[in-house]
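Residue-level listing of the chains:
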Amino acid sequence: MADDDFSIIRDEGTPPTYKFFNGKEWVDSVSGKYNDVVSPVDGSVVGRLPVVTKDEIDRALELASIKQAAWEQTPLNERIKIMHLAADYIRHYMEYLVNLMVMEIGKSIKESKSEINRTAELIDYYADEAQSIKGETLDSDNFPGYKKGQLCIMNRAAYGTVLSIAPFNYPVNLSASKIAPALLMGNAVAVKPPTQGGISGLHLVRLFQKAGVPEGVMCALTGSGAEIGDILSSHKNVHMVAFTGSSGTGLHIASHAPMKQLLFECGGNNPTIVLPDADMSFTASEIVKGAFSYAGQRCTAIKYVLSTQGIIDALLPLVKKQTEELVKVGDPRNPETKMVGPVISQSEAQHIKQVIDEAVSKGAKVEFGGTVEKTYVYPTIFSNAKPDMMVVSCEIFGPVLSFIAVSGPDEAVRIINSSMFGLQASIFTTDEGAGLALASKINVGTVQINGSPQRGPDHFPFLGVKESGVGVQGVRYSLEAMSRLKPVVINKPQ
Ligand code: G3P
């Protein structure tokens, strides 16, 4: 029963007041300070999260640094079993977690189910892949001037404690995508959940604990980034920061995490180039899905389309029509809602409205939507957009799509490469050779040809360049990123 397993992480109040996990037990913070989690769906307070103190952080991270060594010595097959059990618990509590997430972050039922199921699949895949992470050996006489007799054995070792900082838009999946590889490679993990999404994140930590992660190896420390972020990312007992979130926050964390390993996914504002030979109807459906899924609140969401005016004249009516048909704005609890529920907060909705107004003031034409009601931003499509408008140059975490007319692919590439973002880009063309040639000129992490930007499938490499990220994620890549080479050289002089 959910209450039995989760009653220890909260009180019986309405709304519940949650506890933080100090590595041994779920406790209240002595700070007496709490952050309300306000539902974007109806403005209700769905829970209260404690703000932990520096002393509570120090003690949890001290315990992690003590317990991590024994955890790293635990047989890998035992660590793998715990991961598979955690995945099974997540599946078991699918409905419970979905109901939490829908209210906490306004994600539709369908998208919430997809996130929870994807998380269980991801953890299982990490656990299976961990079995094939092997060391290598090198002989000394490979190098000129050296004799045989020095054998370098390269295993992989943990870094120590990994700090996991997840975003509100995937509070379960993007926590597990950090927790699982960190634990499998023998690290301890300190989880800092987002404020909105933090309730879902704490439930995930509880399930990892229930699955058997030993005392001290994992903790969950709640509080906003402004309140505890710098204490955590600069802490002497944190050896890696694994972060997903805005580019601004990523830049801030990186400047407060000296000599730490970083694994970041940041903002994308992802562009799409449509070439004259593209299948326009298919391209339109991919653009609508890529721009408006989860109300555009995805780092990989499409934010602008670059094409010649002639292509835009042919494509835009199709995109508007398919937006009309495929996107249903509404309460995420309503199964009829498709893609666009509320954005995460009233303040975010207001920010998006300001950006919409700025684009109009600079000459962008509203072709669809353009209105904001409380936390609901209606899918908005601009024509006559320009690269210097905030809808293009800033990360907009909302359902806003802009069409920019260019002279041809070369100008499109110049605009993309001049952006501070570099997560993904899409190219639509029926000539895949031309797509590959164009992709080679675009400076982003991943180029999708005839598909909208996306992180999945989760065993593919996933990375951002420039202000869109540091390091490479994806199952094998995250396992390798969360471990280091541990060379041991046996010297036997010949
Ligand atoms: O916004 C988080 C980023 O990882 C997007 O993931 O799966 O929606 O492409 P996805």
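Computed from a prediction, not measured in an experiment: that's the story for all the values here.

Cut-off values and rules
Residues numbered from 1 in each chain as written. Predicted model: local features only at pLDDT ≥ 70, side-chain atom pairs only at ≥ 80, totals over all residues. Heavy atoms only, no water. Buried < 20%, exposed > 50% of the residue type's maximum accessible area, 1.4 Å probe, protein only. Helix = DSSP H or I, 4+ residues; strand = E, 2+ residues; numbered from the N terminus. Pairing = 2+ DSSP bridges. Near = heavy atom within 4 Å. Polar contact = N/O pair within 3.5 Å; in protein donor to acceptor, adjacent residues only side chain to side chain. Areas by Shrake-Rupley, 256 points an atom, 1.4 Å probe, with all protein chains shown as cover. Nonpolar A, V, L, I, M, F, W, Y, C, P; charged D, E, K, R; others polar. Expected span 1.5 Å × (residues − 1). Contact = heavy atoms within 4.5 Å. Core = buried A, V, L, I, M, F, W, Y, C linked by side-chain atoms within 4.5 Å. Salt bridge = Lys/Arg side-chain N within 4 Å of Asp/Glu carboxyl O. Axes fitted to C-alpha atoms, helices over the stretch in contact; angles between N-to-C directions. Phe/Tyr/Trp six-rings, centres within 6.5 Å; stacked < 30°, edge-to-face > 60°. Parallel < 35°, antiparallel > 145°, perpendicular 65-115°, else oblique. Left-handed = near helix turned anticlockwise from the far one by under 90°.

(A) Fine view of the pairing of strand β20 (residues 446-449). Where burial is concerned, the two faces of β20 differ: the one with Thr446 and Gln448 is buried and the one with Val447 and Ile449 is not. Taken together, the four bridges between strand β19 (residues 424-428) and β20 define a ladder with parallel strand orientation. Residue serine 426 lies in a different strand from β20, and its bridge partner there is glutamine 448.

(B) Representation of the site of the ligand. Near the ligand you find Arg118, Asn169, Tyr170, Leu174, Glu265, Arg298, Cys299, Thr300, Gln454 and Arg455, and these make up its full shell. Here an oxygen atom of the ligand sits 3.1 Å away from a polar atom, N or O, in the side chain of glutamate 265. For the ligand, an oxygen atom lies 2.6 Å from a polar atom in the side chain of threonine 300. About the coverage of the ligand: the protein hides 97% of its 310 Å² of free accessible area. In terms of residue class, the shell around the ligand is made up of three nonpolar, three polar and four charged.

(C) View of helix α12 (residues 346-361). Taking 1.5 Å as the rise per residue, α12 with 16 residues should run 22 Å; its terminal C-alpha atoms sit 22 Å apart, in good agreement. Burial in α12 covers these residues: Ala349, Ile352, Val355, Ile356, Glu358 and Ala359. The elements touched by buried residues of α12 are β15 (372-373), β16 (376-377), β17 (380-383), α13 (390-393) and β18 (400-405). Trailing α12 by a residue or two, glycine 363 shows a phi angle of about 105°, which is positive.

(D) The arrangement of the side chain of serine 345 in detail. Along the chain, serine 345 turns up in the loop between α11 (309-326) and α12. Among the polar contacts made by the side chain of serine 345, one reaches the side chain of serine 347 at a distance of 3.0 Å. For serine 345, the residues in contact, after removing those within four places along its chain, are Gln196 and Thr375.

(E) Quick peek at the nonpolar core. In this structure, Met83, Leu183, Phe208 and Met218 are the most contacted members of the largest nonpolar core, which totals 64 residues. In this view, phenylalanine 208 contacts Met83, Ala86, Ile123, Ile179, Leu183, Val213 and Met218; residues no more than four positions away in its chain are not counted. Counting 56 residues, the second-largest nonpolar core is a separate cluster that includes Val372, Val391, Ile415 and Val444.

(F) Geometry of the pattern of salt bridges. Within this structure, the stated rule accounts for 22 salt bridges. With a shortest N-O distance of 2.7 Å, lysine 54 and aspartate 58 are connected by a salt bridge. Linking lysine 54 with aspartate 58, this pair stays in helix α2 (residues 54-73), spanning four residues, or about one helical turn. Here arginine 476 and glutamate 480 are joined by a salt bridge, their closest N and O atoms 3.5 Å apart. Residue arginine 476 and its partner glutamate 480 are both found in helix α16 (residues 475-481); the two are separated by four residues, about one turn of the helix. Relative accessible area serves as the criterion here: at 26%, arginine 476 is assigned to the partly exposed category. Look at glutamate 480 and you get partly exposed, because its relative accessible area is 30%. What you see here is one network of salt bridges that share partners, running through Asp88, Arg91, Glu121 and Asp124.

(G) Structural context of the sheet that holds strand β13 (residues 302-307). The strand order across the open sheet built from seven strands is β14-β17-β18-β13-β12-β19-β20, with neighbouring strands paired in mixed fashion. Either end of the sheet is taken by a strand with one partner, and the two such strands are β14 (365-368) and β20. When the angles between neighbouring strand axes are averaged without regard to direction, this sheet yields 25°. When β14 meets β17, the two strands line up antiparallel, connected through three bridges. Bridge pairing in β17 links phenylalanine 368 to isoleucine 381.

(H) Quick peek at the packing of aromatic side chains. Overall, the coordinates contain eight aromatic pairs when judged by the stated rule. Taking the centre distance of 5.8 Å and the plane angle of 85° together, the rings of phenylalanine 168 and phenylalanine 397 count as edge-to-face. Highlighted residues: phenylalanine 168 in the loop between β7 (161-165) and α6 (173-184) and phenylalanine 397 in the loop between α13 and β18, separated in sequence by 229 residues. A centroid spacing of 6.2 Å and a plane angle of 65° characterise the contact between phenylalanine 282 and phenylalanine 428, whose relative ring orientation is edge-to-face. One end of the pair, phenylalanine 282, is in helix α10 (residues 280-292); the other, phenylalanine 428, is in strand β19, with 146 residues separating them in the sequence.

(I) View of the environment of valine 319. In this fold, valine 319 is placed in helix α11. Valine 319 sits 71 residues away from glycine 248 along the chain, and the two C-alpha atoms are 31 Å apart. Leave out the neighbours within four places in its chain, and valine 319 touches Ala284, Ile287, Val288, Ile381, Leu401 and Phe403.

(J) Broad picture of the side chain of arginine 79. Inspection of the secondary structure puts arginine 79 in helix α3 (residues 76-92). Ignoring anything within four residues of it in the chain, the contact list for arginine 79 reads Trp71, Glu72, Thr74, Leu183, Leu184, Met185 and Gly186.

(K) Inspection of the packing of α3 against α6 at higher detail. Relative to each other, α3 and α6 sit at 160°, their axes nearing to 9 Å. As far as their axial angle goes, α6 and α3 are roughly antiparallel. Here α3 and α6 pass one another in a crossing that is right-handed. Facing α3, whose interface residues are Leu76, Arg79, Ile80 and Met83, α6 presents Ala180, Leu183 and Leu184. Broken down by class, the residue content of the contact of α3 with α6 amounts to six nonpolar, no polar and one charged.

(L) Representation of the sheet that holds strand β24 (residues 483-491) in the model. If you walk across this open sheet you meet the three strands as β5-β6-β24, and the pairing is antiparallel. Each edge of the sheet is formed by a strand with only one pairing partner; in this case those strands are β5 (136-139) and β24. Geometrically, the sheet is characterised by an average inter-axis angle of 25° between neighbouring strands, direction not taken into account. Here strand β6 (residues 150-158) runs beside β24; their pairing, made up of nine bridges, is antiparallel. Within the sheet, the bridge partner assigned to alanine 158 lies in β24 and is serine 483.

(M) Main features of the environment of glycine 13. Topologically, glycine 13 is positioned in the loop between α1 (2-6) and β1 (20-21). Counting along the chain gives 83 residues from glycine 13 to tyrosine 96, while the straight-line C-alpha distance between them is 18 Å.

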